[in-house]
Amino acid sequence: MTPIKKLKGHTNDVNQLLFTQDKKYLISASDDKKIIVWDWQNETKFKELKGHTKSVKSIIFDEDNQFLLSGGNDKKVIKWNAKTFEKVKEKKLPYLNIHQASIDKSATYFIRCGKEYQMELYNYQTFEEIQKMVISKRGILKCGFSHDNQYIIACNYNGQIL
């Protein structure tokens, strides 16, 4: 299999890729501090989202695809308008790097996980911390909400699903 398209714009590892709901844009997050919005049809850079000062590790849309949430090694979480790609809200969190952020289906909460042994639950609207969860003796690699929003799931560097 050969690649369908080659998009050039990042200068370091790409950590995550997402398509917009209408498949018009591909969004990439990279260790080069960039989030790039690509026009998929025309194979061109549509917009570069500026705000992170270190590697961007996580990008995710909320359930309604109205907002994009990004997080990275600068401890920042940034909410972007998913139609205009303008910055809506930004907050530097008090913990270590953000490996992943995940939004619940009701867009009420988001969780953050990283190299340390804990996750935090935040209010999605205000970005205020609600609860800290210490769940592992090793760093947490990925985290998310179950499909029915009843559970928070995570996996660590030990190969455990928590």
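So, a few notes on the structure that sits alongside this text. (Residues numbered from 1 in each chain as written. Predicted model: local features only at pLDDT ≥ 70, side-chain atom pairs only at ≥ 80, totals over all residues. Heavy atoms only, no water.)

**Notes on the overall build of the chain**
Piece 1. What the chain contains, in helices and strands, is zero helices and 14 strands.
Piece 2. Each helix and strand of the chain, ordered N terminal to C terminal, gives the series β-β-β-β-β-β-β-β-β-β-β-β-β-β.
Piece 3. Taking 2.2 N^0.38 as the reference for a compact globule, 162 residues should give roughly 15 Å; the C-alpha atoms of the chain span a radius of gyration of 16 Å, in line with that estimate.
Piece 4. Its C-alpha atoms put the chain at 45 × 30 × 30 Å along the principal axes.
Piece 5. Counting the 162 residues in the chain, one finds 48% classified as buried.
Piece 6. Residue pairs in contact within the chain that sit at least 24 positions apart in sequence constitute 34% of those at least 6 positions apart.
Piece 7. On the chain, roughly 9,000 Å² of surface is accessible, and the fraction owed to carbon and sulfur atoms is 49%.
Piece 8. If you average the places of the 27 positive and of the 19 negative side-chain charges in the chain, the two averages end up 5 Å apart. (Helix = DSSP H or I, 4+ residues; strand = E, 2+ residues; numbered from the N terminus. Rg over C-alpha atoms; globule rule 2.2 N^0.38 Å. Buried < 20%, exposed > 50% of the residue type's maximum accessible area, 1.4 Å probe, protein only. Contact = heavy atoms within 4.5 Å. Areas by Shrake-Rupley, 256 points an atom, 1.4 Å probe, with all protein chains shown as cover. Lys, Arg positive; Asp, Glu negative; His and termini not counted. Charge placed at Lys NZ, Arg CZ, Asp CG, Glu CD.)

**A look at the sheet that holds strand β5 (residues 56-61)**
Piece 1. The four strands lie next to each other as β5-β6-β7-β8, forming an open sheet whose pairing is antiparallel. Each end of this open sheet is capped by a strand with a single partner; those strands are β5 and β8 (87-92). On average, adjacent strands in this sheet sit at an angle of 15° to one another, irrespective of strand direction.
Piece 2. Where strand β6 (residues 67-72) lies against strand β7 (residues 76-81), five bridges are found, and the strand directions are antiparallel. Bridge pairing in β7 links Leu68 to Trp80. (Pairing = 2+ DSSP bridges. Axes fitted to C-alpha atoms, helices over the stretch in contact; angles between N-to-C directions.)

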